[in-house]
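# Inside the fold
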Amino acid sequence: MEGMDKGSMEPEKTGRAMKAIIPAAVLAGLVLLLLGVAYATGSIGNKKKALAGAIENTFTQSLEAMGKAWQLEEYQGMFKDGEYSAEADFRMGGLLQLEMLVNGNTQAYGAKIDLGYFGSSLFYAQLYVDKGELLLGIPYISEYVFRVDRETFEADVENLARQGLLDQETAGYLESLNEGSRKVDFKDEELKQGMLEIAKDVKDIFYSLEVEGCESRELTVDGAVRSCKGYRAALTGEHMAAYILDIKRVYEKNEAFRDYCNELVAAAAGFGSARELLGYYDMVGLLEETASELGEHSPIDIYFYTYKKRLARIYAQPEEGTSFEWNFYGGSFPLENMELAISGHEGEIKLARRGSLSGSAYQAEYEVEDSWEDITVTLEYDKEKGDFRFQGYDGYGGISTFLLEGKLKKSIPGKKLVVSIDSFSLGGEELLAGDIKVTNQCGDFELPEGERLDITKMTQKEWEEFLQEIYGNM
């Protein structure tokens, strides 16, 4: 990679991205195949039409049913203009009071926090952020308003790292965070366009698949054993390589999609930030290498089983020692009860969902299990009363890890929503209770008042003197 001494790379890091991206690409190819075929219409074979219809019915019927369970349709698109505000008033442990106010739009963000004790303020802070600067005022610590120049942030942080005030990994993370957040105003729409292009490409791949009937299977659907029709689709190495090259094409021309992919691969490969990843890899070259390797992959037979024009099971074995199995047990909608299991050379991960809808009462349980832990989250919601309850458990020990219960109040449908929290606890200890009011309008911004201090431009000596001053004020 240009500008880098590859001989100095850490050996364990040089293989991370490739190890992460190839299994992810195969799995993503399988999942996107499922989602993309919902677009497959026109002059395709009867078996492809039947399979595409079953996939489409499974996902669209489930999404519609889950939306109706929450009855929040009027709030869809609530933040389409990019404006929002949230006001919170919490009681903490019966003694402390916490008040928060957040305002935002596509250009700026502001926040205030006030922690009080029996009517007296213990801590107050005020934040303002736009593309050019960050301002933070904490009167109880310093009379100065801390300022960060976002235009020169990268050079300033590198200077701090050279002085030994920051390590390189932290500096890289901060630079990546600053760069990404400055693009937030256009990212969502551009990312959506990139995803739509990928979906179209996946549809084209589906058109070229060989789909044929296979032996039916007896599977459990909607609470009983059913005879389910079988289909086999052959996904070749050429298909997977074409999919990766389509990602490369969109990656090169769509900045938001490029940033998204960088963050995704960085997280999967264990890097601290996308910037650190890009210090080791040329992502375009990595995608080309991945496509080349996948192009040599032997064909993968994906087996689909359907019942009443909905999916009942998907199964694939990409290679020896790996498998992908998704069972759709149904209920009041196809995905109400299901189990997804992915097995690989390093272990197995399972995701299960169990749910029921009776009158206005909606219940669901989600469980994630791998070789190291088992986490369960339960959900109860009454769509008429608005009462909700979320609870998490450590599945192996049966210990409650968190509990959140309260009520949703539709103050102004589509414009204002109030979340009343009766209790939020962690590890059995209650932390807070109170209300959060959310609207789709941004209020006026208040900038912290005081003399501004550019903290990223300070020398080591200035930092030492400043920290001593803060210590004396506390």
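Residues numbered from 1 in each chain as written. Predicted model: local features only at pLDDT ≥ 70, side-chain atom pairs only at ≥ 80, totals over all residues. Heavy atoms only, no water.

### A word on the overall build of the chain
Under the convention used in this document: Under the DSSP-based scheme used, a helix requires at least four consecutive residues in state H or I and a strand at least two consecutive residues in state E, with every element numbered from the N terminus. Accessible area is worked out with a 1.4 Å probe on protein chains only. A residue is then buried under 20% of its type maximum, exposed over 50%, and partly exposed in between. Where accessible areas are quoted, they stem from the Shrake-Rupley method and a 1.4 Å probe; at the residue level, only the protein chains shown are allowed to cover.
Helix and strand counts for the chain stand at 11 helices and 20 strands. In the chain, buried positions account for 41% of the 474 residues. Accessible surface for the chain amounts to roughly 25400 Å². Of this, 53% is attributable to carbon and sulfur atoms.

### Some thoughts on the pairing of strand 12 (residues 338-344)
For clarity, the threshold we go by: In this scheme, strands are said to pair when DSSP sees at least two bridges between them.
Both strand 11 (residues 323-328) and strand 12 contribute to a ladder of six bridges, which runs antiparallel. When the sheet's bridge partners are listed, Ser323 is paired in strand 12 with Ser343. Summarising the sheet, strand 12 and strand 13 (residues 347-358) pair through seven bridges and their orientation is antiparallel. Bridge pairing links Met338 to Arg353 in strand 13. Where strand 12 hands over to strand 13, the hairpin turn is made up of two residues, counted between the paired strands.

### Digging into helix 10 (residues 283-295)
Counted only if it meets this: Any helix carries an expected span of 1.5 Å times its number of residues minus one. In this description, the arc belongs to the directions extending from the helix axis to the C-beta atoms. Here a polar contact is recorded for every N or O atom pair within 3.5 Å, except that within protein the pair must consist of a potential hydrogen donor and a potential acceptor, and residues adjacent in sequence are included only if both atoms are side-chain atoms.
With 13 residues, helix 10 extends 18 Å between its outermost C-alpha atoms, agreeing within 8% with the 18 Å of an ideal straight helix rising 1.5 Å per residue. For helix 10, the complete set of buried residues consists of Met283, Val284, Leu286, Leu287, Thr290, Ala291 and Leu294. Projected down its long axis, helix 10 carries its buried residues within an arc of 160 degrees, all on one side. The N-capping residue of helix 10, defined by a side-chain oxygen 3.2 Å from the backbone nitrogen of Val284, is Asp282.

### Digging into the pairing of strand 15 (residues 374-382)
Sheet topology places strand 14 (residues 361-369) next to strand 15; nine bridges connect them, and they run antiparallel. Bridging across to strand 15, Ala364 finds its partner in Leu379. Relative to strand 16 (residues 387-394), strand 15 is paired through seven bridges, and the arrangement is antiparallel. Counted as the bridge partner of Val377 is Gly392 from strand 16.

### Examining the side chain of Thr306
Note the threshold: Contact criterion: two residues are considered in contact whenever any of their non-hydrogen atoms come within 4.5 Å of each other.
On the secondary structure map, Thr306 appears in strand 9 (residues 300-307). Non-local contacts of Thr306, meaning those with residues more than four positions away in its chain, are made with Ala54, Cys228, Lys229, Tyr231, Leu311 and Ala312.

### Points about the confidence of the model for the chain
Spelled out, the test is: Think of pLDDT as the predictor's per-residue confidence, scored from 0 to 100.
Across the chain, pLDDT averages 82, with 86% of residues at or above 70. Taken together, the stretch residues 1-14 has pLDDT below 50 and engages in 17 contacts with residues farther than four places along the chain or on a different chain.

### Details of the pattern of salt bridges
Note the cut-off: Just to be clear on terms, a salt bridge is a Lys or Arg side-chain nitrogen sitting within 4 Å of an Asp or Glu carboxyl oxygen.
Under the definition given, this model contains 21 salt bridges. Close ionic contact of Arg232 with Glu212 constitutes a salt bridge, the shortest N to O distance being 2.9 Å. Linking Arg232 in strand 8 (residues 224-235) with Glu212 in strand 7 (residues 210-221), this pair joins segments that are 20 residues apart in sequence. Exposure remark for Glu212: the relative accessible area of 33% places this residue in the partly exposed category.

### Topic: helix 4 (residues 153-162)
Burial in helix 4 covers these residues: Phe153, Asp156, Val157, Leu160 and Ala161. In a view along the axis of helix 4, the buried residues occupy a sector of 140 degrees, so they form one face of it. What points out from helix 4, more than 90 degrees from its buried face, is the exposed set Ala155 and Arg162. Of the residues flanking the end of helix 4, it is Gly164, one or two places downstream, whose phi is positive at about 85 degrees.

### Some words on the packing of aromatic side chains
Put simply, the test is: Two aromatic rings, drawn from Phe, Tyr or Trp (for Trp, its six-membered ring), form a pair once their centres lie within 6.5 Å of each other, and the interplanar angle then sorts them: stacked below 30 degrees, edge-to-face above 60, tilted otherwise. We call a charge positioned over a ring when the NZ of a Lys or the CZ of an Arg lies within 6 Å of the ring centre and within 35 degrees of the ring normal.
Evaluated as defined, the whole model comprises seven aromatic pairs. Relative to Trp326, the ring of Phe59 has its centre 6.1 Å away and its plane inclined at 70 degrees; by these criteria the two rings are edge-to-face. Residue Phe59 is found in helix 3 (residues 46-70), and its partner Trp326 is found in strand 11; the two are separated by 267 residues along the sequence. Judged by relative accessible area, which is 16%, Phe59 ranks as buried. With 4.9 Å between their ring centres and 25 degrees between their planes, Trp326 and Phe328 make a pair best called stacked. A relative accessible area of 1% places Phe328 in the buried class. Among the aromatic residues, those joined into a ring-pair cluster are Tyr144, Phe146, Trp463 and Phe466. Lying across the ring of Tyr305, Arg217 places its NZ or CZ 5.7 Å from the centre.

### A few points about the nonpolar core
The line we're drawing: Residues belong to a common nonpolar core when they are buried Ala, Val, Leu, Ile, Met, Phe, Trp, Tyr or Cys residues joined through side-chain atoms within 4.5 Å.
Ranked by internal contacts, the top residues of the largest apolar core, which has 61 residues, are Ile247, Phe304, Ile314 and Trp326. With seven residues, helix 7 (residues 237-253) is the single largest residue contributor to this core. The next biggest cluster of nonpolar side chains, apart from the first, holds 13 residues, and it includes Phe146, Val148, Leu453 and Phe466.

### Structural notes on a nonpolar patch on the surface
Going by this rule: For patch building, the residue pool is restricted to those with more than 30% relative accessible area and no salt bridge; the joining distance is 9 Å between like charges and 5 Å between nonpolar side chains (Val, Leu, Ile, Met, Phe, Trp, Tyr).
There is a patch of nonpolar side chains on the surface, built from Leu95, Tyr117, Phe118, Leu122, Phe123 and Tyr140 and spanning about 600 Å² of accessible area. Assignment of secondary structure puts Tyr140 in the loop between strand 5 (133-137) and strand 6 (145-149).

### A closer look at the packing of helix 7 against helix 10
Where we set the bar: To get an axis, fit a line to the C-alpha atoms, keeping to the stretch in contact for a helix; angles then go from 0 to 180 degrees between the N-to-C directions. Oblique is the label for any angle not covered by the other classes, which are roughly parallel (under 35 degrees), roughly antiparallel (over 145) and roughly perpendicular (65 to 115).
Closest axis-to-axis distance for the helix 7/helix 10 pair is 7 Å, and the angle between their directions is 170 degrees. The angle between helix 7 and helix 10 places the two elements in the roughly antiparallel class. Residues Gly237, Glu238, Met240, Ala241, Ile244, Leu245, Ile247, Lys248, Tyr251 and Glu252 of helix 7 lie in contact with helix 10, whose contacting residues are Met283, Val284, Leu287, Glu288, Thr290, Ala291, Leu294 and Gly295.

### Some thoughts on the packing of helix 7 against helix 8 (residues 255-269)
As a reminder of what qualifies: Each crossing gets its handedness from the near helix: less than a right angle anticlockwise from the far helix is left-handed, clockwise is right-handed. Classification convention: Asp, Glu, Lys, Arg as charged; Ala, Val, Leu, Ile, Met, Phe, Trp, Tyr, Cys, Pro as nonpolar; all other residues, Gly among them, as polar.
Helix 8 packs onto helix 7 with a crossing angle of 115 degrees between their chain directions and a minimal axis gap of 6 Å. Viewed along their axes, helix 7 and helix 8 form a crossing whose handedness is left-handed. Contacts between helix 7 and helix 8 involve Ile247, Val250, Tyr251, Glu252 and Lys253 from the first element and Glu255, Phe257, Arg258, Cys261 and Asn262 from the second. For the contact of helix 7 with helix 8, the residue count by class is five nonpolar, one polar and four charged.

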